[in-house]
Amino acid sequence: MLLALETSCDETSAAVVHRGSILSNIVSSQMDLHAAFGGVVPEIASRQHLRVVDAVIREACERASIQSSEIEAVAVTRGPGLPSALLVGVAAARGLSTRLGKPLIPVHHMEAHLYSPQLSPEPLVALVVSGGHTLLVHAPRFGEHRVMGQTVDDAAGEAFDKAAQLMGLGYPGGPVIERTAREGNPRAHDFPRPMLHSPDWNFSFSGLKTALRRTVTTLRAASPQLPDSGVADLCASFQTAVVEVLVEKTMRAAKHHRVAQVAVSGGVACNGFLRAEMEKRCRQEGIRLAVADRSLCTDNAGMIGMLAEKKMEAGFQPPAEWDIEPDWAMPSAS
Ligand code: KG4
Ligand code: ZN
């Protein structure tokens, strides 16, 4: 049995994992605490992690029906993430591993997202899209992955969050934009598709956000209270622009590396429109699509534990001494 912890941002999570199965995966979300601020407030996040981390660990063990004496290893997110938030998880994990006399395995948060779908052993290109990151990754085999491209400004999830804030829809933006977009016309506004045809593999979403802001300002000048249908059209057009860029660049990267598998993960991978469009394109191209289960898309300790187990099986030896790595980058191709 392996106990995993995740506290890199605004979810306090503990999971029990055993031989490739997640026996429990408890996520205590702080979303409501940050909603009023339109984004995560680090000081509030770390205090809340401190408040609930012990109870979350206890609940993960109870749900998995295990005693702490059955834990054979402890895994924890080492980075990237908010420094004060990471510290809480690492301190709790280190305490537990010392008390039990069991190994402590540091895990890279984005690698855990990357490997969270059910992957086949063949080479792949992965799109990892969360609130903090937008990564296009090439992985010829397990553990050997290189970042091909990433966002040069806002992350995809951040773009959803900022767009929602602009339209007064609340936080987090992704789920509410997806819901609202269902009633809207995706062709109502012709928003830009930033860097769609750029020769590199990077993304940019801040120009799209500016275009949305300009449109919202113009519409509000005509009618200060936007009609529901107007907001729905804005959401549908915005979501389509983001998804089109994500899907097209991912498919192009897959062809470039001639891989037969594409993986999609991270919080934004919850988005039903992104999932459907990826499915459509992969079917057309005869590529296997591995999308993370929705319960594993947003931050959770289950994905941390699953990767820790795989790494241990592959012979990974944790360094003797290590600390949190708030800016821990993934290896890059260039
Ligand atoms: O992976 P995650 O929980 O946190 C980070 O590691 O950043 O991702 C959270 C992000 C938020 O920006 C949220 O708006 C976005 O994922 N998200 C979505 C959806 N659900 C969550 N974006 C688009 N559509 C969704 N349905
Ligand atoms: Zn994440």
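Every chain is numbered independently, its residues counted from 1 as its sequence is written. Chains and ligands are labelled sequentially in the order written, the chains with letters from A and the ligands with numbers from 1. The predicted origin of the model limits local features to residues at a pLDDT of at least 70 and limits the giving and counting of side-chain atom pairs to 80 or more, whereas totals for whole chains, interfaces and linings rest on all residues. Only hydrogens and water are set aside; all other atoms, that is, all heavy atoms of the structure, feed into the side-chain values.

## Brief notes about the side chain of Thr-12
Then, in step 1: Mapped onto the elements of the fold, Thr-12 is located in strand β2 (residues 11–18).
Then, in step 2: Residues count as neighbours in contact if any of their non-hydrogen atoms are within 4.5 Å of one another. Among residues more than four places away in sequence, those in contact with Thr-12 are Glu-6, Thr-7, Ile-26, Val-27, Ser-28, Gln-30, His-49, Val-52, Val-53 and Val-56. Every helix listed is a DSSP run of H or I at least four residues long, and every strand listed is a run of E at least two residues long, numbered separately from the N terminus.

## What to know about the sheet that holds strand β8 (residues 144–150)
Then, in step 1: If you walk across this open sheet you meet the five strands as β8-β7-β6-β9-β10, and the pairing is mixed. Two strands lie at the open edges of the sheet, namely β8 and β10 (288–291), each paired on one side alone. Within the sheet, the average angular offset between the axes of one strand and its neighbour, ignoring direction, is 20°.
Then, in step 2: As judged from the five bridges shared by strand β7 (residues 134–141) and β8, these two strands associate in the antiparallel manner. Bridging from a neighbouring strand, His-138 pairs with Arg-146 of β8. DSSP-based pairing: two strands are paired if at least 2 bridges between them are found. In this description, a line fitted to the C-alpha atoms serves as the axis of each element, helices being fitted only across the stretch in contact, and the angle between N-to-C directions of two axes falls anywhere from 0 to 180 degrees.

## Examining helix α9 (residues 272–285)
Then, in step 1: Here the expected length of a helix is defined as 1.5 Å per residue gap, with one fewer gap than residues. For α9, which comprises 14 residues, the first-to-last C-alpha distance of 20 Å matches the rise-based estimate of 20 Å (1.5 Å per residue) to within 8%.
Then, in step 2: The secondary structure elements touched by the buried residues of α9 are β6 (124–129), α8 (228–256), β9 (261–265), β10 and α10 (294–297).
Then, in step 3: Its side-chain oxygen 2.9 Å from the backbone nitrogen of Phe-273, Asn-271 forms the N-cap of α9.
Then, in step 4: Positive phi shows up at Gly-286, right after α9, with a value of about 65°. The term polar contact refers here to a pair of N or O atoms within 3.5 Å; inside protein, the definition further demands a hydrogen-donor-capable atom paired with an acceptor-capable atom, and it admits residues adjacent in sequence only when both atoms are side-chain atoms.

## Examining the coordination of the zinc ion (ligand 2)
Then, in step 1: In this structure, His-109 (NE2), His-113 (NE2) and Asp-299 (OD) serve as the protein donors to the zinc ion (ligand 2), at separations of 2.1 Å.
Then, in step 2: Classification of the site at the zinc ion (ligand 2) rests on its four donor atoms, whose angles at the metal span 94 to 146°, yielding the label irregular.
Then, in step 3: Sites may look incomplete because water is not among the atoms; the donors themselves are N, O and S atoms within 2.8 Å of the metal, or within 3.2 Å for Na, K and Ca. Within one chain, the residues donating to the zinc ion (ligand 2) are spaced in sequence as H-x3-H-x185-D. Linking His-109 in helix α4 (residues 109–114) with Asp-299 in the loop between α10 and α11 (301–313), this pair joins segments that are 190 residues apart in sequence.
Then, in step 4: With relative accessibility at 5%, the residue His-109 sits in the buried group.
Then, in step 5: Categorising residues by exposure relies on relative accessible area from a 1.4 Å probe, with only protein chains included: less than 20% of the type maximum marks a residue as buried, more than 50% marks it as exposed, and the intermediate range marks it as partly exposed. Take Asp-299: its relative accessible area is 14%, and that puts it in the buried class. The rule is simple: four donors are tetrahedral if all their angles sit between 85 and 135 degrees, four are square planar and six octahedral if opposite donors span more than 155 degrees and the others lie between 65 and 115, and anything that fits none of that is irregular.

## What about the environment of Ser-223?
Then, in step 1: Note that Ser-223 resides in the loop between α7 (206–222) and α8.
Then, in step 2: Each C-alpha atom of the pair Ser-223 and Ile-287 lies 46 Å from the other, and the pair is 64 residues apart in sequence.
Then, in step 3: There is a polar contact of 3.0 Å between the side chain of Ser-223 and the backbone oxygen of Gln-225.

## Topic: the environment of Pro-331
Then, in step 1: Relative to the assigned elements, Pro-331 resides in the segment after α11.
Then, in step 2: Here Pro-331 falls in the partly exposed class, since its relative accessible area comes to 33%.
Then, in step 3: Spatially, the C-alpha atom of Pro-331 lies 9.6 Å from that of Val-137, the residues being 194 residues apart in sequence.
Then, in step 4: Residues in contact with Pro-331, not counting those within four places in the same chain, are His-145, Arg-146 and Val-147.

## Some details on the packing of α7 against α8
Then, in step 1: Orientation of α7 relative to α8, taken along the N-to-C sense of each, is 165°, at an axis distance of 11 Å. Taken together, the axes of α7 and α8 lie roughly antiparallel to each other. As for the relative orientation of α7 and α8, their crossing is right-handed in sense. Residues Leu-208, Leu-212, Thr-215, Val-216 and Leu-219 of α7 pack against Leu-234, Phe-238, Ala-241 and Val-242 of α8.
Then, in step 2: Of the residues contributing to the contact of α7 with α8, the split by class is eight nonpolar, one polar and no charged. Roughly parallel means an angle under 35 degrees; roughly antiparallel means over 145; roughly perpendicular covers 65 to 115; every other angle is labelled oblique. Here is the rule for handedness: rotate from the far helix to the near one, and if that takes an anticlockwise turn smaller than a right angle the crossing is left-handed, while a clockwise turn gives right-handed. Gly is put with the polar residues, along with every residue not named as nonpolar or charged; the nonpolar set is Ala, Val, Leu, Ile, Met, Phe, Trp, Tyr, Cys and Pro, and the charged set is Asp, Glu, Lys and Arg.

## Quick word on the packing of helix α6 (residues 173–181) against α8
How two helices sit against one another is set out by the angle between their axes and by the gap between those axes.
Then, in step 1: Viewed as axis vectors pointing N to C, α6 and α8 meet at an angle of 115°, and their least axial separation amounts to 8 Å. Judged on the interaxial angle alone, α8 and α6 are roughly perpendicular. The two elements α6 and α8 cross, and the hand of that crossing is left-handed. Across the interface between the two elements, Ile-177, Glu-178, Thr-180 and Ala-181 from α6 touch Val-231, Ala-232, Cys-235, Ala-236, Phe-238 and Gln-239 from α8.
Then, in step 2: In terms of residue class, the contact of α6 with α8 is built from seven nonpolar, two polar and one charged.

## Quick notes on the site of ligand 1
Then, in step 1: Close to ligand 1 lie 20 residues; Gly-131, Asp-161, Glu-178, Asn-271 and Asp-299 are nearest.
Then, in step 2: Residue His-113 places a side-chain N or O atom 3.4 Å away from an oxygen atom belonging to ligand 1.
Then, in step 3: With residues, only the protein chains shown are counted as cover, and all accessible areas are computed by Shrake-Rupley using a 1.4 Å probe. Considered on its own, ligand 1 offers 560 Å² of accessible surface; in the complex 90% of this is hidden by protein.
Then, in step 4: Going through the elements one at a time, α4, α5 (156–166) and α6 are the ones with two or more residues in the shell around ligand 1.
Then, in step 5: The biggest single contributor to the shell around ligand 1 is α6, with four residues.
Then, in step 6: Among the residues forming the shell around ligand 1, the class breakdown is six nonpolar, eleven polar and three charged. Whether a residue is near a molecule or strand depends on its heavy atoms: if one lies within 4 Å, it is near.

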